[in-house]
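Tertiary structure, described
Chain by chain, the residues run as shown.
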Amino acid sequence: KAMAAIRDDRPKDSARWLWGTVTAGAVYLVIKGWEYQWNMAQGIHSDTNIFYSVYYYMTFNHFLHVGWAGAAIVWVALRLRRGYYDADNHEGLEAVCVYWHMIDLAWILIFPLLYVMR
């Protein structure tokens, strides 16, 4: 939606979508952090068994990428506010959006493998 807005020369709408994405990513990080704390309190660690080794490896890797992507989106949103991107020049914004959706695709694989099929 942020890309569609910038292509239509609506930078304020693009910024709103970017900040909404950052908010959703931050909520995910808080929930996942709480989940890790809860697991540890229950005695579930990465060395509990092979499932939890894979679980922690995959979900923490995703956690880190969501954090990095969130920081990149903040950077792009600030650049958008300063007028660096417009309908004709938005390659940096597009690159960050593509990265974010690559992380979405990873979650589409992680979630069913670790939460549904378990």
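Before reading further, recall that the structure is shown in the block above.
What comes next concerns the included structure.

1. Considerations on the overall build of the protein
Within the protein, the secondary structure is distributed over four helices and zero strands. Counted from the first residue to the last, the protein has its helices and strands arranged as α-α-α-α. By the compact-globule yardstick of 13 Å for 118 residues, the protein is too spread out, its C-alpha radius of gyration being 17 Å. In the protein, which comprises 118 residues, the share counted as buried stands at 31%. Working note: accessible area of the protein is about 7600 Å², and carbon and sulfur atoms make up 65% of it. Within the protein, the 10 negative side-chain charges are centred at a point lying 6 Å from the centre of the 10 positive side-chain charges.

2. Brief notes about the layout of surface pockets
Roughly 220 Å³ of volume is contained in the largest pocket. Among the secondary structure elements, those contributing two or more residues to the lining of the largest pocket are helix H1 (2-7), helix H2 (11-41) and helix H4 (91-116). When residues in the lining of the largest pocket are grouped by element, the largest group, four residues, is from H4. Considering only residue class, the lining of the largest pocket consists of eight nonpolar, two polar and one charged.

3. Some thoughts on the packing of H2 against helix H3 (residues 50-81)
Running from amino to carboxyl end, H2 crosses H3 at an angle of 155 degrees, the nearest separation of the two axes being 9 Å. Accordingly, the angle class assigned to the pair H2 and H3 is roughly antiparallel. Of the two possible hands of crossing, H2 and H3 adopt the one that is left-handed.

4. Considering the nonpolar core
In this structure, Ile6, Leu18, Ile73, Val76, Leu80, Tyr85 and Leu93 are the most contacted members of the largest nonpolar core, which totals 19 residues. Looking at which element gives the most residues to this core, the answer is H3, with six residues. In this structure, Tyr36, Tyr52, Tyr55 and Ile110 belong to the second largest nonpolar core, which totals eight residues.

5. Concerning the pattern of salt bridges
Counted according to the given criterion, the structure contains five salt bridges. Here Glu94 and Arg7 are joined by a salt bridge, their closest N and O atoms 3.1 Å apart. Of this pair, Glu94 sits in helix H4 while Arg7 is found in helix H1, placing the two residues 87 residues apart along the sequence. Residue Arg16 pairs with Asp13 through a salt bridge whose shortest N-O separation is 2.5 Å. Within this pair, Arg16 and its partner Asp13 are both found in helix H2, separated by three residues, close to a single helical turn. Of the residues examined, Arg16 reaches a relative accessible area of 55% and is grouped as exposed. Through salt bridges with shared partners, a single ionic network connects Asp8, Arg10, Asp13 and Arg16.

6. Describing H3
With 32 residues, H3 should reach 46 Å at 1.5 Å per residue; the first-to-last C-alpha distance of 46 Å fits that figure. At the N-terminal end of H3, a side-chain oxygen is found 3.0 Å from the backbone nitrogen of Phe51, two or three residues along, and the residue is Asn49. A positive backbone phi angle near 90 degrees is found at Gly83, which sits one or two residues after H3.

Conventions used here
Residues numbered from 1 in each chain as written. Predicted model: local features only at pLDDT ≥ 70, side-chain atom pairs only at ≥ 80, totals over all residues. Heavy atoms only, no water. Helix = DSSP H or I, 4+ residues; strand = E, 2+ residues; numbered from the N terminus. Rg over C-alpha atoms; globule rule 2.2 N^0.38 Å. Buried < 20%, exposed > 50% of the residue type's maximum accessible area, 1.4 Å probe, protein only. Areas by Shrake-Rupley, 256 points an atom, 1.4 Å probe, with all protein chains shown as cover. Lys, Arg positive; Asp, Glu negative; His and termini not counted. Charge placed at Lys NZ, Arg CZ, Asp CG, Glu CD. 1 Å grid on protein atoms, 1.4 Å probe; cavity = no way out; pocket = protein on both sides within 12 Å on 5 of 7 lines; lining within 4 Å. Points joined across faces, edges and corners; volume = space filled by probe spheres on them. Nonpolar A, V, L, I, M, F, W, Y, C, P; charged D, E, K, R; others polar. Axes fitted to C-alpha atoms, helices over the stretch in contact; angles between N-to-C directions. Parallel < 35°, antiparallel > 145°, perpendicular 65-115°, else oblique. Left-handed = near helix turned anticlockwise from the far one by under 90°. Core = buried A, V, L, I, M, F, W, Y, C linked by side-chain atoms within 4.5 Å. Salt bridge = Lys/Arg side-chain N within 4 Å of Asp/Glu carboxyl O. Expected span 1.5 Å × (residues − 1). Polar contact = N/O pair within 3.5 Å; in protein donor to acceptor, adjacent residues only side chain to side chain.

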